[in-house]
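For reference, the chains in residue letters:
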Amino acid sequence: MENDLISKKELLELTGISYGQLYRWKRKLLIPEEWFVRKSTFTGQETFFPRDKILARIDKIKNMKDDASLDELADILSPNPSDIEVEKDKLVKEKVVSEVSMDIFAQVLGIPEVFDFQKTLYVYLVDKILSSGEASAEEGKIILKTLAESFLAFEGKQCDLLFVRKLGVSFCLLIEGQRQVSLDPGAKLVSRISIASVVEELKTKLSNGGFSDGKQ
Amino acid sequence: MANNSMNDLRINGIGSSSGGKYDFVQINGKGDITGDLECRELLINGLAHLDGNVKADTIRVSGKSDFRGNISGQRMIIDGMTDVGGTVKVETVENRGMLRVAKDCGSEVFSSQGGFNIGGLLNAGKIDISVYAQCKAREIGGENIEVRIGGGLSIRKFIGSLFPGLPLNPVLITDTIEGDNVFLENTTAKVVRGQNVKIGPGCQIGVVEYRESYYKDPVAGTNVNESRKI
């Protein structure tokens, strides 16, 4: 774990940003509170960050901040759903999700005319797991049901989707983000997806794809 | 939130309310609000206890108030004593009294002519502190940070006579200060880091780490144990 952390000083040196910028981004919720890890060192308490995540995030902010305001960025980066609404045909046409995943969604939850962000996220997650070849269509349904039933309970928190298989039986779990999970030796963790990062990915995709904001 | 259909809540004398959504909320006397409160303007003259979270465009406290939850809003003006049990997320904070926050305090502009005690991080774009009474924060971070000794000695003597026990030469005490432009007076800190750092009179600093410029007032009573360019 030690090696995965980067101190604040090292981070600023590496990325060339200033303290002011870092604090400003924290204030604007561009950098989640959980990434600020306080540890005691010989100079007192110091702040550390998960190295890969923070470097990727700062890179992203630096690249995007010329095109979008900080508030817009915060919206894209936050794990909370945005208020985008998309028509069902458009999702397939713009290749956000495949037709197969759309069918599965229709079978489990019915097909609405417009997809709000939540529903889009569900299809997108299922699509992601299906296209990686890690789950079958039947298993996609299980995942979808789990999401539909329990995802809302994690509102505002980071959460991970775990997909486990044992002796041909598969099931899926939703747990609070970054928690450690131990499985019995016979079981295999097929995939673990951080929903927050998928939300970010999807939001970026939707905002680039010219999908209109539902508020207009 | 300027909605005409929204009602006002006024407590004159002693009263209580369970909270809710209002346009204008005024407490004159003693008021308890037991739930979450959302309003355009919250004005407290007297004594108030608010058990829930508060969301308001403008919050003004002239008197004493006790917030148990979190506060969010645009502007907060404190001319009295305010305790916050949670976090403060307000665009502009103007403190002319005593502000205590148990957790973090984040704003664009934080100005204080009084005293404060922040249990977490004080994070603001512009931090402007005049130290009139003891100021404490676990950490301070932001873009422009300025800490000055408040008023002349006569004013401090006068305030000291009103509140016996207040030190005559109050200081800001914190673990770390990190910012782009940092100017400090009457500050005790373990670590100060910044682009441009200026240390004025009355400071006790453990380590200064700077990137561009550093100046330390040669006046007696200011101590910097170590300074290095990074």
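Residues numbered from 1 in each chain as written. Chains lettered and ligands numbered in written order. Predicted model: local features only at pLDDT ≥ 70, side-chain atom pairs only at ≥ 80, totals over all residues. Heavy atoms only, no water.

**Digging into the overall build of chain A**
Item 1. The helix and strand inventory of chain A stands at nine helices and eight strands.
Item 2. Put simply, 62% of the contacts in chain A that link residues at least 6 apart link residues at least 24 apart.
Item 3. Summed over all atoms, the accessible surface of chain A reaches about 11,400 Å², with 49% contributed by carbon and sulfur. (Helix = DSSP H or I, 4+ residues; strand = E, 2+ residues; numbered from the N terminus. Contact = heavy atoms within 4.5 Å. Areas by Shrake-Rupley, 256 points an atom, 1.4 Å probe, with all protein chains shown as cover.)

**Quick notes on the pairing of strand E11 (residues 172-184) of chain B**
Residues and elements named next belong to chain B.
Item 1. Within E11, 10 of the 13 residues are buried, which leaves it mostly tucked inside the rest of the structure.
Item 2. Pairing analysis gives 10 bridges linking strand E10 (residues 105-149) to E11, with the strands arranged parallel. Residue pairing across strands places Asn144 opposite Asn181, the latter belonging to E11.
Item 3. Here E11 runs beside strand E12 (residues 187-199); their pairing, made up of 11 bridges, is parallel. Across the sheet, Glu178 pairs through a bridge with Arg193, a residue of E12. (Buried < 20%, exposed > 50% of the residue type's maximum accessible area, 1.4 Å probe, protein only. Pairing = 2+ DSSP bridges.)

**Things to note about the interface of chain B and chain A**
Item 1. On the side of chain A, 20 residues touch chain B, which itself brings 25 residues to the contact.
Item 2. Overall, the association of chain B and chain A removes approximately 1,800 Å² of surface from exposure, summing both partners, and the carbon and sulfur fraction of that is 41%.
Item 3. Linking chain B with chain A are eight salt bridges, by the criterion used here.
Item 4. With a closest N to O distance of 3.0 Å, Arg24(A) and Glu143(B) form a salt bridge.
Item 5. Our count for the chain B to chain A interface comes out at 16 residue pairs in polar contact (both at pLDDT 80 or more).
Item 6. Sorting the residues of the side of chain B that touches chain A by element identifies E10, E11, E12 and strand E13 (204-216) of chain B as the ones contributing at least two each.
Item 7. The element contributing the most residues to the side of chain B that touches chain A is E10(B), with 13 residues. (Buried area = accessible area lost by both parts, 1.4 Å probe. Salt bridge = Lys/Arg side-chain N within 4 Å of Asp/Glu carboxyl O. Polar contact = N/O pair within 3.5 Å; in protein donor to acceptor, adjacent residues only side chain to side chain.)

**Topic: the domain arrangement of chain B**
Interface size, as often reported, equals the accessible area lost upon joining of the parts.
Residues and elements named next belong to chain B.
Item 1. Here the domain parsing of chain B yields domain 1 (1-69) and domain 2 (78-229).
Item 2. Taking the mean C-alpha position of each, domain 1 and domain 2 sit 30 Å from one another.
Item 3. Interface area for domain 1 against domain 2, summed over the two sides, is near 740 Å², with a carbon-plus-sulfur share of 40%.
Item 4. Area buried by domain 1 at its contact with domain 2 is led by Val61, Lys64 and Phe67, which between them contribute 45% of it.
Item 5. Linking domain 1 with domain 2 are one salt bridge. (Domains from an automatic or database assignment.)

**Quick look at the packing of aromatic side chains**
Any pair of aromatic rings gets described here by the distance separating the centres and the angle formed by the planes.
Item 1. Applying the stated criterion across every chain yields a total of three aromatic pairs over all chains.
Item 2. For the ring pair Phe36(A) and Phe49(A), a centre distance of 4.8 Å and an interplane angle of 70° mean the geometry is edge-to-face. A residue pair is termed long-range when its members are at least 10 positions apart, and Phe36(A) in the loop between helix H2 (19-27) and strand E2 (37-41) and Phe49(A) in strand E3 (residues 44-50) qualify at 13 residues.
Item 3. Of the residues examined, Phe49(A) reaches a relative accessible area of 0% and is grouped as buried.
Item 4. Seen from their ring centres, Tyr210(B) and Tyr214(B) are 5.2 Å apart, and the 25° between their planes marks the pair as stacked.
Item 5. Between the NZ or CZ atom of Lys26(A) and the centre of the ring of Phe36(A), over which it lies, the distance is 4.3 Å. (Phe/Tyr/Trp six-rings, centres within 6.5 Å; stacked < 30°, edge-to-face > 60°. Lys NZ or Arg CZ within 6 Å of the ring centre and 35° of its normal.)

**Comments concerning the sheet that holds strand E8 (residues 188-194) of chain A**
All names here are of chain A.
Item 1. The strand order E7-E6-E8 describes an open sheet built from three strands, whose pairing is antiparallel. With one partner strand each, in any of the chains shown, strand E7 (169-176) and E8 form the two edges of the open sheet. Across the sheet, the mean angle from the axis of one strand to that of its neighbour is 20°, orientation sign disregarded.
Item 2. In terms of strand pairing, strand E6 (residues 159-166) meets E8 through six bridges, oriented antiparallel. Across the sheet, Leu161 pairs through a bridge with Ile193, a residue of E8.
Item 3. Helix H8 (residues 137-150) rests against E6 and E7 of the sheet, and its axis sits at about 30° to E7. (Axes fitted to C-alpha atoms, helices over the stretch in contact; angles between N-to-C directions.)

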